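# Examining the three-dimensional arrangement
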Amino acid sequence: MPKLANSKVLAEGKPGSKQLLLGNEAIARGLIEGGVSVATTYPGTPASEIVDSLAAIAEEVGIYVEYSTNEKVALEVAAGASLSGLRSSTSMKMVGLNVAADALMTLGYLGVRGGMVIITADDPNCHSSQNEQDNRYYALMANIPCLEPSDPQEAKDMVLDAYRISEELELPILYRSVTRLSHSRRPVVFGEVGRPRKAEFKKDYERFVMVPSNARVRHVALLEKMESAKRISDTSSYNKRLGDGEFGIITSGNAFNYVMDAIGAIGADASVLKIGMIHPLPERRVLEFLADYETVLVIEELEPFLEMGIRALANKHSLGTKILGKEELRLPRHGELSIKQVALAISKALGRDPGVKFENPEISKLILEIPARPPILCPGCPHRASFYAIKASGIGDAIFITDIGCYALGSLPPLSVGDVLLCMGASAGLSAGVSKATGKPVVGIVGDSTFFHASIPALINAVYNHHRFVYVVLDNMTTAMTNFQPHPGSGLDSLGRPSKRILIEDVARGCGVELVRVIDPFDLKSAVGALKEALAFKGPSVVIFRRECAILEAKRAGGRPSYVIDEAKCTRCLLCINRFGCPAIMLEKGPSIDPSLCNGCGFCAKVCPQGAIGVLGDED
C-alpha cells in the first residue's frame, strides 16, 4: 500500500487548523470533510495521490477505498455506491476518463442519489502523459456540471460544494484539476469532517434501466437539470469578479493564478471574472461583465473552452464587446501557460510595453549549466534485464509495440525496444494489426498492471482471429510507476491486506493462449530460450518476465552488496554501457560502478563477456 507523509494529518487534523498540503491531498481532505463513503481510482499521474492519501487511513476514517482494475470499473463502482445513497468519488488522470467514457455518457441519464464527484486530473505539457487532452469537453458532451479550482484551499472547499450541487441536481459532478494544482503545496484550513450516510437502494425501473424507451425520457430530464445548473452557476461563489479596471479578463483554474501574477507584474488596471463553475457557464454574470467593457480577454490553458462559450453568448445577445482569445492573444493551445506568456499577451492587447524584464541572466546561465536528467529505468530494474534478453534473443529486427508504464522507457537508447506507443493496453491490439499487415515478427510489450487494465479483450481477440505475435508481460508485481499501488496480480488488496492473487499465466491460458511461459528475466539463458520458442510458435504466445520491482526488493531485503569492475580484466568493450545501459555504470575512470547507485542486482555481471564485474569486496 502506498505511504504518504500527510495521510495522518488528513485524518487527524482539527477543524480550523492550517496544514501545508499538496493539491491532491487537499482534494482528499475535501472528500473526508464531504463525508465520502466510497473512493475509487485507477492510479495515474497527476491524480494518484488523492486515493493514495485515503488508502493509508481508510479504516481509520471509515472510507471504502479501491484501486480498481481500470477507470471504467472505478467509475462504475463509485456510481453503484452513489445510486445506493452514499457519497462517492472516483479519480483518474485525464486519459483515464476516455476509458470510463462509456459509463460516463449514460450516467447523467440515470443521475445519482448520493453525491458523486468524478475527479479528472489533466496534464498540460505532457509531464507524464501521452497527450494533452482538455477534459472540460467531457462535461459538455456528458451534460454534467464541471468545477475547476485554482489552488489547494479552493480544491478542498470545492469538493464539499460539488457534493451539495450533485445532490441538489442528482447528477455526478466533473471536477477538473491539472498537474500544476495537484502537485503544488499551500496552507489549507481544515473544516469539520463529514458523516457517512446509510446506504439504501430504492428500485426505479424508469430511471435506472436505460432501455431506449426510458433513455429518451431521461435525456429530456437531464437537459432540464442542466437548466437548473445554469441558475446554480450564476449564484455560485466560485464565479466571482475581482477589481474594477479599465478592461476585463475572464479566466479559470490554474490560468487565474498566472493572470493575477501577470497583471500585478505589469501594473495592468484590469477587472477579472474568475469562473470556478465552468460548465454550465454563469451566463448572467458573463453577460454583465461583457456589457461593462469594450474589450475582454479570455485567458485559459489548452483549448478555448471558455472562449467558445463566451463568444456564443455575446453573439446570441448581440453584444459589441471586443473579445480577445487564443488567436488574438497568440496564446498556445498546447503546454502550460506562464506568467511571462500571459503578461506579454495582456501587454500586446493594451498596445504597450510590459515594462518588466522576465529574463534573469544569472538564472539562465545556471539553467544551461545544470546537466539534463532524462527519465531512465532504475538501477537493478528487472525490465532492463527483460529488454536485454529480447535484444540478445536475436529478434532485434522485430517490430516492438510497447505500452503505458515505466517500461516505456525501454524505447530509449541503448535498449531501444519500442517502435509504437499509443495508450493503455493498446499493445496487444496494435501487435495483431501490425503482424497481420506486415507478416513480420512482432513483439508486444505490456506491464502487469496494464495487462489487467485493458489488454485482456485484445488478447482474446488475437486467439479468436488467429493473430500471430509474441506478447511479453513484464511482471514486477506492483504498479511501480505511480507509487507502488497493488493490482490483481500482486496478491494484496487496496489496503495492503492479503487477497486472491490473479496469475497472469492463468488469465492468458483462460483467454485461449496455447504457449505461455513464465521466466525470471535474470535467468538470461532461459529468457532468451523462451523468446525464441515463442517467436517460432504459429499463433499468439505469451512470455511473462516475472521479478519483483528493484525498489521494493531492495526495501524488503534491507540492502545488498554493490558490484565493482575489475580494471585488470575489463577490456573497455563498453557493452555494459552501450547495450545494457544501467545508470549505475559510468564512463568515468573506466567504466566504473557508482556504489551509491548500484542496488546489487548483479545482472551486469552476467552480461560482461570478460567476467570483469563482481561483488565489491570479493575482488580477490
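Basis of the calculations
Residues numbered from 1 in each chain as written. Predicted model: local features only at pLDDT ≥ 70, side-chain atom pairs only at ≥ 80, totals over all residues. Heavy atoms only, no water. Helix = DSSP H or I, 4+ residues; strand = E, 2+ residues; numbered from the N terminus. Rg over C-alpha atoms; globule rule 2.2 N^0.38 Å. Contact = heavy atoms within 4.5 Å. Areas by Shrake-Rupley, 256 points an atom, 1.4 Å probe, with all protein chains shown as cover. Lys, Arg positive; Asp, Glu negative; His and termini not counted. Charge placed at Lys NZ, Arg CZ, Asp CG, Glu CD. Buried < 20%, exposed > 50% of the residue type's maximum accessible area, 1.4 Å probe, protein only. Salt bridge = Lys/Arg side-chain N within 4 Å of Asp/Glu carboxyl O. Polar contact = N/O pair within 3.5 Å; in protein donor to acceptor, adjacent residues only side chain to side chain. Axes fitted to C-alpha atoms, helices over the stretch in contact; angles between N-to-C directions. Parallel < 35°, antiparallel > 145°, perpendicular 65-115°, else oblique. Nonpolar A, V, L, I, M, F, W, Y, C, P; charged D, E, K, R; others polar. Phe/Tyr/Trp six-rings, centres within 6.5 Å; stacked < 30°, edge-to-face > 60°. Lys NZ or Arg CZ within 6 Å of the ring centre and 35° of its normal.

### Things to note about the overall build of the protein chain
Regarding its fold elements, the protein chain presents 25 helices and 23 strands. Relative to the globule expectation of 25 Å for 620 residues, the C-alpha radius of gyration of the protein chain, 27 Å, shows essentially globular dimensions. The C-alpha extent of the protein chain, read off along each of the three principal axes, is 80 × 65 × 55 Å. Within the protein chain, counting contacts between residues at least 6 apart in sequence, those at least 24 apart form 77% of the total. About 26,300 Å² of surface is accessible on the protein chain, with carbon and sulfur atoms providing 54% of the total. Computed over 67 positive and 70 negative side-chain charges, the separation of the two mean positions in the protein chain equals 3 Å.

### Section: helix α12 (residues 253–266)
A turn of α-helix holds 3.6 residues, and therefore any two residues three or four places apart point the same way. Listed in full, the buried residues belonging to α12 are Gly-253, Asn-254, Ala-255, Phe-256, Tyr-258, Val-259, Ala-262, Ile-263 and Ile-266. Trailing α12 by a residue or two, Gly-267 shows a phi angle of about 70 degrees, which is positive.

### Observations concerning the pattern of salt bridges
Side chains carrying opposite charge are able to pair once their charged atoms draw close together. As enumerated under the stated definition, the model contains 36 salt bridges in all. Note that Arg-29 is salt-bridged to Glu-33, the shortest N-O span being 2.8 Å. Within this pair, Arg-29 and its partner Glu-33 are both found in helix α2 (residues 23–33), separated by four residues, close to a single helical turn. Per residue, the accessibility class of Arg-29 equals that of Glu-33, and both read buried. A salt bridge links Glu-548 to Arg-556; its shortest N-O distance comes to 2.5 Å. Note on Arg-556: relative accessible area 58%, which makes it exposed. Each of Asp-122, Asp-134, Arg-136, Glu-148, Arg-176 and Glu-300 takes part in one network of salt bridges that share partners.

### Remarks on the side chain of Ser-129
Mapping Ser-129 onto the fold places it in the loop between β5 (116–122) and α7 (136–142). In this structure Ser-129 comes out as buried when scored by relative accessible area, which is 15%. Here the side chain of Ser-129 touches Lys-93 through a polar contact of 2.9 Å, side chain to side chain. Here Asp-123 takes part through its side chain, which lies 2.7 Å from a polar atom of the side chain of Ser-129. In this structure Ser-129 touches Thr-45, Lys-93, Met-94 and Asp-123, once residues within four positions along its chain are discounted.

### Section: the packing of helix α6 (residues 96–110) against helix α11 (residues 212–235)
Relative to each other, α6 and α11 sit at 80 degrees, their axes nearing to 7 Å. The angle between α6 and α11 places the two elements in the roughly perpendicular class. Of the residues in α11, those in contact with Gly-108, Tyr-109 and Leu-110 of α6 are Ala-215, Arg-218, His-219 and Leu-222. Across the contact of α6 with α11, the residue classes tally to four nonpolar, two polar and one charged.

### Quick word on the packing of aromatic side chains
Under the definition given, this model contains nine aromatic pairs. Seen in terms of ring centroids, Tyr-137 and Phe-305 are 5.4 Å apart; in terms of plane orientation they differ by 75 degrees. Their pairing is edge-to-face. Of this pair, Tyr-137 sits in helix α7 while Phe-305 sits in helix α14 (residues 305–316), and the two are 168 residues apart along the sequence. Relative accessible area serves as the criterion here: at 26%, Tyr-137 is assigned to the partly exposed category. In this structure an aromatic cluster arises from ring pairing among Tyr-388, Phe-522, Phe-580 and Phe-603. Sitting over the face of the ring of Phe-256, Lys-274 holds its NZ or CZ atom 5.4 Å from the ring centroid.

### Focus: unusual backbone geometry
For the bond from Thr-45 to Pro-46, the omega torsion is 15 degrees, close enough to zero to count as cis. For Pro-46, the position within the fold is in the loop between β2 (38–41) and α3 (49–55). Residue Arg-330 is not a glycine yet carries a positive backbone phi of 55 degrees. By the element assignment, Arg-330 lies in the loop between α15 (326–329) and α16 (339–350). Here Leu-574, not a glycine, exhibits a phi torsion of approximately 65 degrees, which is positive. Within the element layout of this structure, Leu-574 appears in the loop between β20 (563–565) and α24 (575–580).

Spatial relationships are all this shows, so hold off on functional conclusions.
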